[in-house]
Amino acid sequence: MRARRSALVVAASLVLASAARAAAPVVVVDPGHDRLANLRTEPIGPGSATMKIFDGGGTHGVVTGIREPDLTLAVSLRLRELLRRAGVRVVMTRTRTAGESMGNIARARIANRARASLFLRVHADGAASSDARGTHTLTPALRRGWTDDVYDRSQRAARLVQAELVRELGFPDRGIQERSDYTGFNWADVPVILVELGFMTNPTEDRALAQPAVRERAALGLCRGTLRFLGLSPARCVR
Ligand SMILES: [Zn+2]
């Protein structure tokens, strides 16, 4: 009898655990790029004749030589930990920097399939001038049939994440820009933003982003902004 009762307790707690899992919001974290660029092309949106390369490969640190795909993965893996601890389910588009980049339709499809509450793309910027610096967040431009279903929610996510990220990193606030030419935005059926943590072509920001403590703050800012967007307390992002 006792064995039977404990079996029932186990069964009940399994049901509760799976219900909690089902209720937990899903965030798809997309560390930018991969070890290798991919110069094949894909349409920039569903049904479009405009083609764009899968992935040019990203930038690198002007002083440190650190490659963007390694930086974005390190911050994203730390973000995964923080979000999980806060009760969010996390799906990663990649967990290693190992091969040719999968391209942006494939990344968007991972987010769509996961029915993500947010598709969060993590990048760092590069510019011809080493003076360019600061943090900004990109969000889809409005286009009927492509982004109208996710436009408002993406804007809201961008505002919340950008504010927390700037607060944590202390880099200049470059604000939010809408982009109509981002394949990964146009194919997304879920709210989507792309953060540019800072400029790897700026010596100050490159050196900063190489430091574990600064990467930790970047992950914390991303976690806090994401939780705000999900309607959860940012205090749940704890190291
Ligand atoms: Zn990038």
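Our subject is the structure listed above.
Residues numbered from 1 in each chain as written. Predicted model: local features only at pLDDT ≥ 70, side-chain atom pairs only at ≥ 80, totals over all residues. Heavy atoms only, no water.

Draft legend 1. Fine view of helix α3 (residues 104-113). Of all ten residues in α3, seven are buried; the element is thus mostly enclosed. Of the residues making up α3, those classed as buried are Asn104, Ile105, Arg107, Ala108, Ile110, Ala111 and Asn112. Remark: Arg115 follows α3 within two positions and exhibits a positive phi of approximately 50 degrees. (Buried < 20%, exposed > 50% of the residue type's maximum accessible area, 1.4 Å probe, protein only. Helix = DSSP H or I, 4+ residues; strand = E, 2+ residues; numbered from the N terminus.)

Draft legend 2. A look at the packing of aromatic side chains. For the structure shown, the criterion picks out one aromatic pair. Residue placement shows Arg143 over the ring face of Trp146; its charged tip is 3.7 Å from the ring centre. (Phe/Tyr/Trp six-rings, centres within 6.5 Å; stacked < 30°, edge-to-face > 60°. Lys NZ or Arg CZ within 6 Å of the ring centre and 35° of its normal.)

Draft legend 3. How the structure looks around the pattern of salt bridges. One pass over the structure, following the stated rule, counts eleven salt bridges. Notably, a salt bridge pairs Glu164 with Arg224, separated by 2.9 Å at the nearest N-O pair. Of this pair, Glu164 sits in helix α4 (residues 151-169) while Arg224 sits in helix α7 (residues 212-229), and the two are 60 residues apart along the sequence. Owing to a relative accessible area of 5%, Glu164 belongs among the buried residues under this scheme. The class for Arg224 is buried, based on a relative accessible area of 16%. A salt bridge links Asp181 to Arg179; the shortest N-O distance between them is 3.0 Å. (Salt bridge = Lys/Arg side-chain N within 4 Å of Asp/Glu carboxyl O.)

Draft legend 4. Main features of the coordination of the zinc ion. Within the protein, the atoms that donate to the zinc ion are His33 (NE2), Glu68 (OE) and His123 (ND1), at distances of 2.0 to 2.1 Å. Positions of the donor residues of the zinc ion, expressed as sequence spacing, correspond to H-x34-E-x54-H. Of this pair, Glu68 sits in helix α2 (residues 68-85) while His123 sits in strand β5 (residues 118-125), and the two are 55 residues apart along the sequence. Like Glu68, the residue His123 is buried in the burial classification. (Donors = N, O, S within 2.8 Å, 3.2 Å for Na, K, Ca; no water.)

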